[in-house]
Amino acid sequence: MKLFEYRGKELFDKYDIAVPKGNIVTGEKDFTALKFPIILKAQVPIGGRGKAGGIKKAKDINEAKDNLSQIMGMDIRGFKVGKVLAEETADIKKELYLSISLDRTKKMPLIMASVEGGMEIESVPDNKIFKEWINPLIGIQAFNIRNIVSKLKFGKEETTEISKVLRKIYKLFREYDCELVEINPLIITKDGNIMAIDSKIIINDDAMYRHTDIQPELVELTALEKDAKDKGISFVQLGGNIGVIANGAGLTMATLDALNHFKGEGGVFLDLGGTDDPEKVKQAFELMKKAKPKVIFLNLFGGITKCDTVATGVKSVISKEGIDCPVVTRIKGMREEEAKEILKDAGLITATTLQDAAQRSSDLAGGKKL
Amino acid sequence: MSIFVDKTNKVLVQGATGHQGVFHIGEMLDFGTKVVAGVTPGKEGQEVNGVPIFNNVQNGVDATGANTSLVLVPARFAKDAVFEALDAGIKTIIVITENIPFHDAMEFVHYAKYKDAVLIGPNCPGIASPGKTKIGILPGSILSEGNVGVASRSGTLTYEIVNSLKEKGIGQSTCVGLGGDPIIGTTFIDALAAFEKDKETKAIVLVGEIGGTAEEDAAEFIKKYVNKPVFAFIAGRTAPSGKRMGHAGAIIARGKGTAESKIKAFEKANVELAKFPTDIADLIEKNL
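Note that the structure is predicted; figures quoted are calculated from it, not measured.

> So what exactly am I meant to see when it comes to the overall build of chain B here?
Within chain B one finds 9 helices and 14 strands. Against the globule reference of 19 Å for 288 residues, chain B gives a C-alpha radius of gyration of 18 Å, in line with a compact fold. For chain B, the C-alpha atoms occupy an extent of roughly 55 × 40 × 30 Å along the three principal directions. For chain B, the proportion of its 288 residues judged to be buried stands at 60%. Excluding contacts between residues fewer than 6 apart, the proportion of contacts in chain B whose partners are at least 24 apart in sequence is 72%.

What follows is the structure, given as structure tokens:
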């Protein structure tokens, strides 16, 4: 889960990493504690908000009110701004980039640092990014820190301060189950203080259960996706008009790919996963109906999830509520025959191969009659 | 021969008395797997399908000589379970459990390496060497003995592919589910190295998906070290960026981990790519 910048900064504050003085603002009264000039920053879970006009300076209260009304409600790449952070500005002497992320190949936390602070790290050339991997069993050691800071070539006092921040963000990264902790830029002010100007923190969804102090914002999810998450169903809304239900993440993705091959476009990714509960299938099918696809494509390969379990769940929804779009099914594997028997009179379209089913679904979604 | 597991594996099941544990102990016994012990704290003295249950892993190992553990415990207890197995001297661990925080996986994967143990998973269907053993939840009915080695990041997709192989009379030396998480113990490279060495394996099938760079790394390894023919399928060509597609590891993050990049890497390594999962069987039939 991505944290908003201000939430990330609350965590920085908890770990004793300095951040600019600031607060969330909704109107004039919220500016009273701040010293002008200030900066107003749209709180959205994606980058590039500066270019989109989501960050504006204000030298006095009038300009602040104007800018606030412009930023609030603004659409930044599909995200409507609902929160704005106002902060005092700092005199920057030097800026750098600092992050800890997960290196999937080495299976270790990876520290990255660069003196090219303030730029998107993807646009910084590789030879200007210094990397250090941390063995998760022994944690961050003095030599790790020396390896990184020696390459940055800062003065002695600055180096000491950066080293302290490194230890603090490593602690934060591990204790909060982070996928990413990024400070860009980390600045050194003209009077020698070190301060995190921005924060980007992503917490591993699977570990949220042990971080009950973090309020999930779920701003990136649609209403149906939120509903699915509550029910423990893997559900992603996409751009097309064909709703795909399959069992297993890989098979569901492969089904979407097959549709694309026949010029069809997936509108919903619904992975039933491994389940032996018809009730869960029923909930999943109901969710799919709510997404209003033009065609539903049910692609099953029965193993641990038995075909008849899914068929029972689907049948109970159809016989109770009916269904107002064509359903193409392709059912194979464990208890295939039983499943076909259950769905026999449900008015569904049956296909034997993935290719055939994908083609029929695509044709139907494109308006063709079978 | 086969890779990683064979008839010498004596399996202890952690999380043996739950619904899934009971069912899969039965399935494994039917397949011919030597399931010798189960562990559920507080239930020592009970039996599941004739398999004795112990309070802890050490008791199970001492009483039965178990050398392999199958971890079926819920996600929040998984790290503890793997550490316990490693400290009891178990050298092969298969973690089926899904939704384990990856920081936990990072720790136990490194500890397994330190203890010189093979760890497969997490979030995987397990491993089977047909005719010898099956450790995990792969449906036994689709497996058959043969010469194709299969390594996969996805469960059901593997079943689909293995089943289509079976329909053409093509069996497997070993079929290993590597897992759909961002941090996994055994990778494509480990499986490739083992299959290349294994005399029984004549061809290798890799089933990849979006997220990370495991396929790109595998392609580099194939170029340098693999002489056997390799066939692959990649899922997620049409997946959008930034969305977790079911598996925790199946996400295109900051432009990295696209299917396109993986397909390109495999093409450069002369790996035969299938357009649909079931095409793998046709490709192998044509090429072998």
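> What is the right way to read the domain arrangement of chain B from this model?
Interface size is often expressed as the accessible area that is lost when the parts come together. Residue and element names in this part refer to chain B. As assigned here, chain B comprises domain 1 (10–120) and domain 2 (139–287). Its C-alpha centre places domain 1 at a distance of 26 Å from the equivalent point of domain 2. At the junction of the two partners, domain 1 supplies 11 residues and domain 2 supplies 8 residues. Secondary-structure elements contributing two or more residues to the side of domain 1 that touches domain 2 are helix 1 (19–31), helix 4 (102–114) and strand 7 (118–120). Here the element with the most residues in the side of domain 1 that touches domain 2 is helix 4; it accounts for 5 residues. Looking at the side of domain 1 that touches domain 2 residue by residue, the classes come out as 9 nonpolar, no polar and 2 charged.

> Is there a simple way to think about the packing of helix 5 (residues 223–231) of chain A against helix 7 (residues 278–290) of chain A in this case?
Axis angle and axis distance: for two packed helices, these are the angle between their axes and the distance between the axes, and together they describe the pair. Residues and elements named next belong to chain A. Direction vectors running N to C along helix 5 and helix 7 enclose 175°, while the axes themselves pass 11 Å from each other. The angle between helix 5 and helix 7 falls in the class roughly antiparallel. Residues Leu224, Asp227, Ala228 and Lys231 of helix 5 form the contact with helix 7, whose participating residues are Gln283, Leu287 and Lys290. Taken together, the residues of the contact of helix 5 with helix 7 sort by class into 3 nonpolar, 1 polar and 3 charged.

> Any chance you could explain the sheet that holds strand 5 (residues 68–71) of chain B here in plain terms?
Strand pairing within a sheet occurs via backbone hydrogen bonds; the two strands may be parallel or antiparallel. All names here are of chain B. Strand order across the open sheet formed by 7 strands is 3-4-2-1-5-6-7, with mixed pairing between neighbours. Two strands in the sheet have a free side with no partner beyond their single neighbour: strand 3 (47–48) and strand 7. Here strand 2 (residues 34–39) runs beside strand 4 (residues 51–54); their pairing, made up of 2 bridges, is parallel. The residue bridging Gly38 from the neighbouring strand is Ile53, located in strand 4.

> Would you explain the sheet that holds strand 1 (residues 22–25) of chain A in this entry?
All names here are of chain A. One open sheet accounts for 4 strands, arranged 1-6-2-3; its pairing is antiparallel. Strand pairing shows two members of the sheet lacking a second neighbour, strand 1 and strand 3 (55–58), which therefore form its edges. Adjacent strand axes in the sheet meet at a mean angle of 25°, parallel and antiparallel pairs treated alike. Sheet topology places strand 2 (residues 38–42) next to strand 3; 4 bridges connect them, and they run antiparallel. Each bridged residue has a counterpart across the sheet, and for Ile38 the counterpart in strand 3 is Ala58.

> Teacher, can you tell me more about unusual backbone geometry here?
A negative phi angle is the norm for most residues apart from glycine, just as the trans form is the norm for most peptide bonds. Following Asn184(A), the chain continues into Pro185(A) via a peptide bond in cis, with omega recorded as 5°. Within the fold, Pro185(A) resides in strand 10 (residues 178–189). Looking along the chain, the bond that leaves Gly121(B) and enters Pro122(B) is cis, with omega of 5°. Here Pro122(B) lies in the loop between strand 7 and strand 8 (126–129). Non-glycine residue Phe4(B) carries a positive phi angle of around 65°. Within the secondary structure layout, Phe4(B) lies in the segment before strand 1 (10–14). Its identity is not glycine, yet Asn49(B) carries a phi of approximately 50°, on the positive side.

Criteria and thresholds
- Residues numbered from 1 in each chain as written.
- Chains lettered and ligands numbered in written order.
- Predicted model: local features only at pLDDT ≥ 70, side-chain atom pairs only at ≥ 80, totals over all residues.
- Helix = DSSP H or I, 4+ residues; strand = E, 2+ residues; numbered from the N terminus.
- Rg over C-alpha atoms; globule rule 2.2 N^0.38 Å.
- Buried ≥ 20, exposed ≤ 12 C-beta atoms within 10 Å, placed from the backbone.
- Contact = placed C-beta atoms within 7 Å.
- Domains from an automatic or database assignment.
- Nonpolar A, V, L, I, M, F, W, Y, C, P; charged D, E, K, R; others polar.
- Axes fitted to C-alpha atoms, helices over the stretch in contact; angles between N-to-C directions.
- Parallel < 35°, antiparallel > 145°, perpendicular 65-115°, else oblique.
- Pairing = 2+ DSSP bridges.

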